[in-house]
Amino acid sequence: MSRVVSKDLFHFKPTGKLDDDVNAMENQEELIESSPEMKEMFEKSLELIENHDDESNKAFVDMMRGLCAPYADILKASDKFTDSVEQTITTSITIPTSHDGNFDVPVEVYTPKDLQGGTKNCAYIYAHGGGAIAMAAPDFDALLKHYAVEFKVVVYNVDYRIAPETRCPNNVKDFYEAVKYISKNGDSLGVDPAKIVIAGDSGGGYICLGTMVMLAENDESHLVKLAIPGVPMVDDYCFSDTQAMTKEERNNAASFRKIWKYCIAADWEEQKTSPHLFPGKASDKLLEKFPPTIIMECEFDQYITEATRLAGRLRRAGRLLEFVVIPGAGHASSLTPSLKSNQVFFDTLKTIAREYIHTQELIVAVKYEFNT
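Residues numbered from 1 in each chain as written. Predicted model: local features only at pLDDT ≥ 70, side-chain atom pairs only at ≥ 80, totals over all residues. Heavy atoms only, no water.

Novice: Can you break down the overall build of the protein chain residue by residue, with the values?
Specialist: What the protein chain contains, in helices and strands, is 13 helices and ten strands. Its C-alpha atoms give the protein chain a radius of gyration of 20 Å, near enough to 21 Å, the size a compact globule of 372 residues would have. Its C-alpha atoms give the protein chain principal-axis dimensions of about 60 × 55 × 50 Å. Counting every position in the protein chain, which comprises 372 residues, the buried fraction comes to 54%. Within the protein chain, residue pairs in contact and separated by at least 24 positions form 79% of the contacts whose partners lie at least 6 positions apart. (Helix = DSSP H or I, 4+ residues; strand = E, 2+ residues; numbered from the N terminus. Rg over C-alpha atoms; globule rule 2.2 N^0.38 Å. Buried < 20%, exposed > 50% of the residue type's maximum accessible area, 1.4 Å probe, protein only. Contact = heavy atoms within 4.5 Å.)

Now the structure itself:
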């Protein structure tokens, strides 16, 4: 069996406590949530989570989209990305698809000015966060322009369709088809086919992992040099006993049971054992076909247990390059530029770009032979 070779670059030590600035942010949120208006909204949300009629499901999704919206505002308002925005050129392409009607998937392309006209650029194909039910690609444009400049890549920001309007597996297929298209049209796009990276955070991490499943199923993982799912939704751990969960997992379990079962799944009974819905349920044989993978996590993320389990399985399958856990950080740390852990998250990704993406040699497999 072939195994990827890790450079073993990251050795963060868990702190067992939130960073002071993360803790202060959470305390402020708790103060806001203690207001009469927010208490009323919280009670209403519990009612929406427990009821599964069409009206309640729609109201729940609308509420979740409203809760996610401030993160887009935070990213757009940050002056941390101003220089990078000015140093990039924005264009767009569309990816024709037919797996869920005829639909052209919009993709925003962010090219650093010093890479414009290049014929062998690295493509960094990204799936945005939002629990697979909220937000849109343009919400992340400033952040991803910063990635483009600092990582020396061309970012393809894929505006895949979200649930419940588009359900599993068609949301993942939008991204999968974008990866295939960019690989196939590398010459005209100025992309080096040996330097295609796929990534995504939170719900986008799920979209990235789901695409890895499809690539493995179709023996196409060679199209991707590196996959970087970040703080990803992985499997159905939220359906297990909450007593065994971390605080963050326990606090979010009910919401994500509803998201998985009543928003993302097209047919729960048929799909609940499928890796198309839950990538963490991919078989050992399928995991052995995954692209080389780096999983980015945070110590106090709501998906830490399921991501850790997947990292262990990928390591055994020989496809894990790094499992990075940012200490003292919560789920939203990667989207909050003012936090110390956000800078650590970014610096780690920049190191990954230098040491894994731009290395001249591919992270090739080493074959182990055993004498019997």
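Novice: Tell me about the packing of aromatic side chains, and please be specific about residues and values.
Specialist: Scanning all chains against the criterion turns up twelve aromatic pairs. Note on Tyr-206 and Trp-260: the rings are 5.2 Å apart at their centroids and 85 degrees apart in plane angle, and the pair reads as edge-to-face. One end of the pair, Tyr-206, is in helix α8 (residues 203–217); the other, Trp-260, is in helix α9 (residues 247–264), with 54 residues separating them in the sequence. For Trp-260, a relative accessible area of 2% translates into the label buried. Over the aromatic face of Phe-60 sits the side chain of Lys-258, whose NZ or CZ is 5.6 Å from the ring centroid. In this structure, Lys-258 is placed above the aromatic ring of Tyr-262, and the distance from its NZ or CZ to the ring centre is 5.6 Å. (Phe/Tyr/Trp six-rings, centres within 6.5 Å; stacked < 30°, edge-to-face > 60°. Lys NZ or Arg CZ within 6 Å of the ring centre and 35° of its normal.)

Novice: Talk me through the pairing of strand β3 (residues 103–112); I want residue IDs and the actual numbers.
Specialist: Across ten bridges, the pairing between strand β2 (residues 88–97) and β3 is antiparallel. By the bridge assignment, Ile-95 is partnered in β3 with Val-105. The pairing of β3 with strand β5 (residues 154–158) spans four bridges and is antiparallel. Pairing of Val-107 across the sheet is with Val-158, part of β5. (Pairing = 2+ DSSP bridges.)

Novice: Quick one: what's the story with helix α13 (residues 340–357), residue by residue and with numbers?
Specialist: An α-helix turns once every 3.6 residues. As a result, residues three or four positions apart point the same way. A rise of 1.5 Å per residue sets the reference length of α13, with its 18 residues, at 26 Å; its end C-alpha atoms lie 25 Å apart and thus fit the reference within 8%. The set of residues buried in α13 consists of Ser-341, Asn-342, Phe-345, Phe-346, Thr-348, Leu-349, Thr-351, Ile-352, Ala-353, Tyr-356 and Ile-357. (Expected span 1.5 Å × (residues − 1).)

Novice: Tell me about unusual backbone geometry, residues and numbers included.
Specialist: For the bond from Ala-163 to Pro-164, the omega torsion is 0 degrees, close enough to zero to count as cis. With respect to the helices, strands and loops of the structure, Pro-164 is situated in the loop between β5 and α6 (170–184). That bond from Cys-168 to Pro-169 is cis: its omega, 5 degrees, falls within 30 degrees of zero. The topology assignment puts Pro-169 in the loop between β5 and α6. Of note, the phi angle at Asp-8 is positive, near 50 degrees, even though the residue is not glycine. Checked against the element boundaries, Asp-8 lands in the loop between β1 (2–3) and α1 (20–33). On the basis of relative accessibility, which here comes to 48%, the residue Asp-8 falls in the partly exposed class. Its identity as a non-glycine residue notwithstanding, Asp-219 has a phi of 55 degrees, on the positive side. Along the chain, the position of Asp-219 falls in the loop between α8 and β7 (226–230).

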